[in-house]
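Close look at the chain arrangement
Chain by chain, the residues run as shown.
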Amino acid sequence: MGPRLRTLVSFLRPHTPTLVAGLLLGLVANAAGLATPMVTKWVLDSLGGSMAWPLTALIALVVVGAGISLRQWILMGTLAERVILDARVSIIRRYFAATVGDLTRRPSGELVTRATSDTGLLREASSSIVGIVNSSLAMIATLVLMGVLDLVLLGCTLAAVVIVGAVMATLMPTIAKAQEAAQESVGRLGGTLDGALRAIRTVKASRAEARQSARIEADARESAEASIRAARRTAVVWTIAWSGIQLSVIAILGIGAWRAEQGLLEISSLIAFLLYAFQLMGPITELTQNVTALQAGVAAAARIRQIEAIEVEPTAPPAASAPPAVEPDPTQPVLALRGVTARYAPGTEPAVRDIDLDIPRRGHTAVVGPSGAGKTTLFSLMLRFLEPESGELFLDGRPYRTYGHGEVRARLAYVEQETPIVPGTIRDNLLFTHPDATEEELRAVLAAVRLDGKVDALDEGLDTPLTSSAVSGGERQRIALARAILRTPDVLLLDEATAQVDGLTEAALQECVRERAAVGAVVTIAHRLSTVLDADTIVVLEGGRVRAQGSHDELLATDELYRRLVEALRIATSGLVAADA
Ligand SMILES: Nc1ncnc2c1ncn2[C@@H]1O[C@H](COP(=O)(O)OP(=O)(O)OP(=O)(O)O)[C@@H](O)[C@H]1O
């Protein structure tokens, strides 16, 4: 068994009992079908005598056969949906268990296609193995019974079967390849379309609608071309199969009639033989369909399994190494980095090098530095989106590695620069980190970010549905901040938006940060002069290293890069003031 087929089988293995039941029911249904021509011959041979028994047997066969087929059909249909469900659930879980780095490396649209469209291809494939076994056995049994009736006529039939088989064996793999290519194009289409729709404003502002559309249409066209290739070849296979069998039926009729005339064959046997010849179409059709479905399913299963190569975060901390919980020393920094070096991929330059940094339990630490200095990387390390290559991070003096990822994150709150709105209402967004927060807590944080008046003015209040386009950039930042400060985190990590914000938002953010810094730790990636001026300590990063650290006045006096960064912020701020005036 090839490794790709083994992959498909691995999806089916948990359903072995159902597969076996389906196989057995299929065999019984086939046996009923196979017996029908023989019983028909019995009816014909009884002409002139009592036909009650043979006719009863014939009707019973049809009814029982139909009942069993129905049961098998439902069983296999249910199995297919369960296989798809299992695959989807495993993909969805894998996505959310994955490391941020490995997940964000892949286009999200393509990841979505894996869960939606590729899994759908398992539908027919899941019952195809049963179908192939059933139809092969039915075909062999039909041929054997034909042989029992007349060997010469069997010869004609076999010749037709061999020709049909040869055509199928040649064309089937090319059909599978074309289907696989079609599915891959759909995956690419998903990836590009998703990216383009996210950037729709830039697309339109760049007047790139036609170019983007053409690029994505190319994937759609490629998929269509591959599918058409598959459809054409499938049509050829079917036509040859049908014509082959029909021609052989005509040959059987001619040769059979001649043999009957010679007295070498009974008329009733000829009729039974012809019935088998027509019936042979059933297993051949089934075999063709199932082989095609199996090929599509094998390719889809392989693509789905690629998802399992996505690296997942460990779910539990190494229990043995976790020291017992002790009250943290209030004089000790809440977070500390010691000699931390990290890179995004082996062989690339480290994004941060040899970082030593303490984040005190209270107060505001601002991180500044030119673009690419490693500010975001520093946050990724603190949030454990990225693991250090050397050096270590400490939380309450205990190494990060002795905590679970969830344990570390439970102590931190994070406001992304792009402050995403999750699907749902304002309430859903506020409750996202702490689903059990009370109405009072929600009102308190809304007041803290000065959104209470705005929410009160809405007809549906907190239950107003939010789409990312219905909220302004400033409001979005305030919602994200409200979400982050809902349950007083030990450390608030705030990646300030680079875009200038309105005065109200700026004042609300600043006041919140001040209040938080009085009781806990706040670390900001500062993009505003007011934030830097407000900070207790400022860390200047350059080229992945801590270049300087101190208060605003100290750094102004000692660090040239800091002076230049502050000057740039001052110009940006005065630009805003001028624009406001
Ligand atoms: N996902 C990633 N994969 C590979 N390299 C990355 C990734 N993210 C950042 N880098 C690299 O790591 C270095 C530090 O980047 P980082 O994003 O931390 O800088 P930054 O100071 O936050 O910059 P900015 O102010 O522009 O956001 C840069 O050289 C960057 O190219």
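Structure report, in brief. All residue numbers here refer to positions counted from 1 along the written sequence of the relevant chain. Whole-chain, interface and lining totals are the exception, using all residues; otherwise, since this is a predicted model, local features are given only for residues with pLDDT of at least 70 and side-chain atom pairs are given and counted only at 80 or more. Hydrogens are left out, water is left out, and the side-chain values use all remaining heavy atoms of the structure.

Some remarks on empty space enclosed by the protein
One way to see where empty space is left: roll a probe the size of a water molecule over the atoms. We place a 1 Å grid over just the protein atoms. Points where a 1.4 Å probe fits but has no way out form a cavity, open points with protein on both sides within 12 Å along at least 5 of 7 lines form a pocket, and any residue with an atom within 4 Å of a point lines it. Grid points are joined across faces, edges and corners, and a volume is the space filled by probe spheres set on the points. Here the structure, examined in full by the defined rule, presents two cavities of 30 Å³ or more. Reported here for the largest cavity is a volume of approximately 80 Å³. Every residue along the wall of the largest cavity is listed here: His 364, Glu 496, Glu 506, Leu 509, Gln 510, Val 513, Arg 528, Ser 530, Thr 531 and Asp 534. A run of H or I in DSSP becomes a helix once it reaches four residues, and a run of E becomes a strand once it reaches two; helices and strands are each numbered from the N terminus. Those elements that provide at least two residues to the lining of the largest cavity are helix 18 (503-519) and helix 19 (529-534). No other element matches the four residues that helix 18 contributes to the lining of the largest cavity. For the lining of the largest cavity, the per-class residue count stands at two nonpolar, four polar and four charged. For the second largest cavity, the calculated volume is near 50 Å³. Around the second largest cavity, the lining residues are Val 415, Glu 416, Gln 417, Thr 419, Gln 477, Leu 494, Asp 495, Glu 496, Ala 497, Leu 509 and Arg 528. Gly is placed with the polar residues, together with every amino acid not listed as nonpolar (Ala, Val, Leu, Ile, Met, Phe, Trp, Tyr, Cys and Pro) or charged (Asp, Glu, Lys and Arg). Grouping the amino acids of the lining of the second largest cavity by side-chain chemistry returns four nonpolar, three polar and four charged.

Section: the nonpolar core
We define a nonpolar core as any set of buried Ala, Val, Leu, Ile, Met, Phe, Trp, Tyr and Cys residues linked to one another through side-chain atoms lying within 4.5 Å. Working definition: with a 1.4 Å probe on protein chains only, accessible area under 20% of the residue-type maximum means buried, over 50% means exposed, and in between means partly exposed. One finds Leu 8, Phe 11, Leu 122, Met 146, Ile 252, Leu 280 and Ile 284 to be the most contacted residues of the largest nonpolar core, which totals 57 residues. Take this core: its biggest share by element is 11 residues, from helix 7 (residues 151-198). Start and end positions for the domains come from either an automated domain assignment or a database one. Counting the residues that make up this core, at least three belong to each of domain 1 (1-150 + 266-313) and domain 2 (164-264). By the convention used here, residues are in contact when the closest approach between their heavy atoms is within 4.5 Å. In contact with Phe 11, other than residues within four places in its own chain, are Val 83, Ala 87, Leu 122, Ala 301, Ile 304 and Arg 305.

Looking at the layout of surface pockets
Volume-wise, the largest pocket comes out at about 1,600 Å³. With five residues, the top contributor of residues to the lining of the largest pocket is helix 5 (residues 108-120). Of the residues assigned to the lining of the largest pocket, the class counts are 19 nonpolar, seven polar and eight charged. Residues lining the lining of the largest pocket come from more than one domain, with at least three contributed by each of domain 1 (1-150 + 266-313) and domain 3 (335-578). Lining the second largest pocket are 32 residues, and of these Asn 30, Ser 69, Gln 72, Trp 73 and Glu 286 sit closest to its centre. Secondary-structure elements contributing two or more residues to the lining of the second largest pocket are helix 2 (16-45), helix 3 (52-97), helix 6 (122-149) and helix 11 (281-306). Take the lining of the second largest pocket: its biggest share by element is 10 residues, from helix 3. Residues of the lining of the second largest pocket, tallied by class, amount to 12 nonpolar, 16 polar and four charged.

Points about the pattern of salt bridges
Salt bridges are counted wherever a side-chain nitrogen of Lys or Arg sits within 4 Å of a carboxyl oxygen of Asp or Glu. Under the criterion given, the structure shown has 36 salt bridges. Its salt-bridge partner being Arg 361, residue Asp 396 comes within 3.0 Å of it at the nearest N-O pair. Of this pair, Asp 396 sits in the loop between strand 4 (390-395) and strand 5 (398-399) while Arg 361 sits in the loop between strand 2 (352-359) and strand 3 (363-368); the two residues are 35 residues apart in sequence, bridging distant segments of the chain. Judged by relative accessible area, which is 17%, Arg 361 ranks as buried. For Asp 456, the salt bridge identified is with Arg 443, shortest N-O distance 2.8 Å.

Focus: the site of the ligand
Taken together, the neighbourhood of the ligand is formed by Tyr 344, Ala 351, Pro 370, Ser 371, Gly 372, Ala 373, Gly 374, Lys 375, Thr 376 and Thr 377. With respect to the ligand, the backbone of Gly 374 contributes an N or O atom lying 2.9 Å from an oxygen atom. A 3.5 Å cut-off defines polar contacts: any pair of N or O atoms within that distance qualifies, except that in protein one atom must be a possible hydrogen donor and the other a possible acceptor, and neighbouring residues in sequence count only when both atoms are side-chain atoms. Between the ligand and Thr 377, the relevant distance is 2.4 Å, taken from an oxygen atom to a side-chain nitrogen or oxygen of the residue. When the free accessible area of the ligand is taken as 630 Å², the share hidden by the protein chains comes to 53%. Counted by class, the shell around the ligand contains four nonpolar, five polar and one charged residues. Nearness of a residue to a molecule or strand requires only that one of the residue's heavy atoms be within 4 Å of it. For accessible areas, the Shrake-Rupley method is used with a probe of radius 1.4 Å. Any residue's cover is judged against the shown protein chains and nothing else.

So, a nonpolar patch on the surface
Residues Val 20, Leu 24, Leu 27, Val 133, Leu 137, Ile 140, Val 144 and Val 148 make up a contiguous nonpolar surface patch of roughly 660 Å² in combined accessible area. Going through the elements one at a time, helix 2 and helix 6 are the ones with two or more residues in the nonpolar patch. It is helix 6 that contributes the most residues to the nonpolar patch, five residues altogether. With respect to the element layout, Val 148 can be found in helix 6. By relative accessible area, which is 59% here, Val 148 ends up exposed. Patch definition: residues with relative accessible area over 30% and no salt bridge; like charges joined within 9 Å; nonpolar side chains (Val, Leu, Ile, Met, Phe, Trp, Tyr) joined within 5 Å.

As for the sheet that holds strand 5
Two orientations exist for strands paired in a sheet by backbone hydrogen bonds: parallel and antiparallel. A pair of strands is treated as paired once DSSP finds two or more bridges between them. If you walk across this open sheet you meet the four strands as 2-1-4-5, and the pairing is antiparallel. This sheet does not close on itself; its edge strands, each paired only once, are strand 2 and strand 5. Summarising the sheet, strand 4 and strand 5 pair through two bridges and their orientation is antiparallel. When the sheet's bridge partners are listed, Phe 394 is paired in strand 5 with Pro 399. A fitted line through C-alpha atoms represents every axis, and for helices the fit uses only the stretch in contact; the resulting angles, taken between N-to-C directions, go from 0 to 180 degrees. The sheet contacts of helix 12 (residues 375-382) involve strand 1 (335-342), strand 2 and strand 4, and relative to strand 2 the element is tilted by about 65°.

Regarding helix 7
For helix 7, spanning 48 residues, the distance from its first C-alpha to its last is 68 Å, which sits close to the expected 70 Å at 1.5 Å a residue. Two or three places before Val 152, at the opening of helix 7, Asp 150 has a side-chain oxygen 3.3 Å from that residue's backbone nitrogen. One less than the number of residues in a helix, times 1.5 Å, gives the span that helix is expected to have.

A short note on the sheet that holds strand 11 (residues 537-542)
The strand order across the open sheet built from six strands is 6-9-10-3-11-12, with neighbouring strands paired in mixed fashion. Every interior strand has two partners, whereas the edge strands, strand 6 (412-415) and strand 12 (545-550), have only one. Taken over all neighbouring pairs, the strand axes of this sheet differ in orientation by 20° on average, direction set aside. Two elements, strand 3 and strand 11, share four bridges in a ladder whose sense is parallel. Counted as the bridge partner of Thr 365 is Thr 537 from strand 11.

Structural measurements only, silent on function.
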